[in-house]
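What the coordinates show
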Amino acid sequence: MRIADNGFFPWFFWAIGSWKGTINRLPYLGALALVVLLLVPYTLLVGYLHAAYAYPRESGIPVDIVYILDVLRNKHISSFSMLPFMAFSVLLDAKRLRSIGALPWIALLVNLVNFVRSDLDGLIGNLLGLLCLAYLLVL
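Read on for an overview of the structure. (Residues numbered from 1 in each chain as written. Predicted model: local features only at pLDDT ≥ 70, side-chain atom pairs only at ≥ 80, totals over all residues. Heavy atoms only, no water.)

Another point: the overall build of the protein chain. Per the secondary structure count, the protein chain includes seven helices and zero strands. Secondary structure elements of the protein chain, listed N to C terminal, follow the sequence α-α-α-α-α-α-α. Taken over the C-alpha atoms alone, the protein chain extends approximately 55 × 40 × 20 Å along its principal axes. A total of 139 residues make up the protein chain; the buried ones form 28% of that total. Across the protein chain, the fraction of contacts at a sequence separation of at least 24, relative to all contacts at a separation of at least 6, is 61%. Between the centroid of the 10 positive side chains of the protein chain and the centroid of its 7 negative side chains there is a distance of 14 Å. (Helix = DSSP H or I, 4+ residues; strand = E, 2+ residues; numbered from the N terminus. Buried < 20%, exposed > 50% of the residue type's maximum accessible area, 1.4 Å probe, protein only. Contact = heavy atoms within 4.5 Å. Lys, Arg positive; Asp, Glu negative; His and termini not counted. Charge placed at Lys NZ, Arg CZ, Asp CG, Glu CD.)

Structure follows, in structure tokens:
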């Protein structure tokens, strides 16, 4: 599917919602950038819901952005709240891997490693983070 044939948003929904097909590097970067732009308000919304209901402040002080960011930084939020964006990432990466001639199942494996890495601290977590960064740079 091409952007010029159908328009950006139908192409984007195909890119994040279908396992089939290939995608070139520039459209992949554009779709990935849009997913990251959607991830920011989603993360803040999840942080707000956790800060307001799961970890409320003492004595009824209202929730502000500083407290939301503190809840997000201290890993009070489960990694499972980011599963929808992991699915988008797997679909985009599978298309990109298919277009460069690699097996699309590598996308699932690398995203699972990245998901597990988010809960690891220390040297192993850092090395897995570098591995996932190198993977993104190759794509």
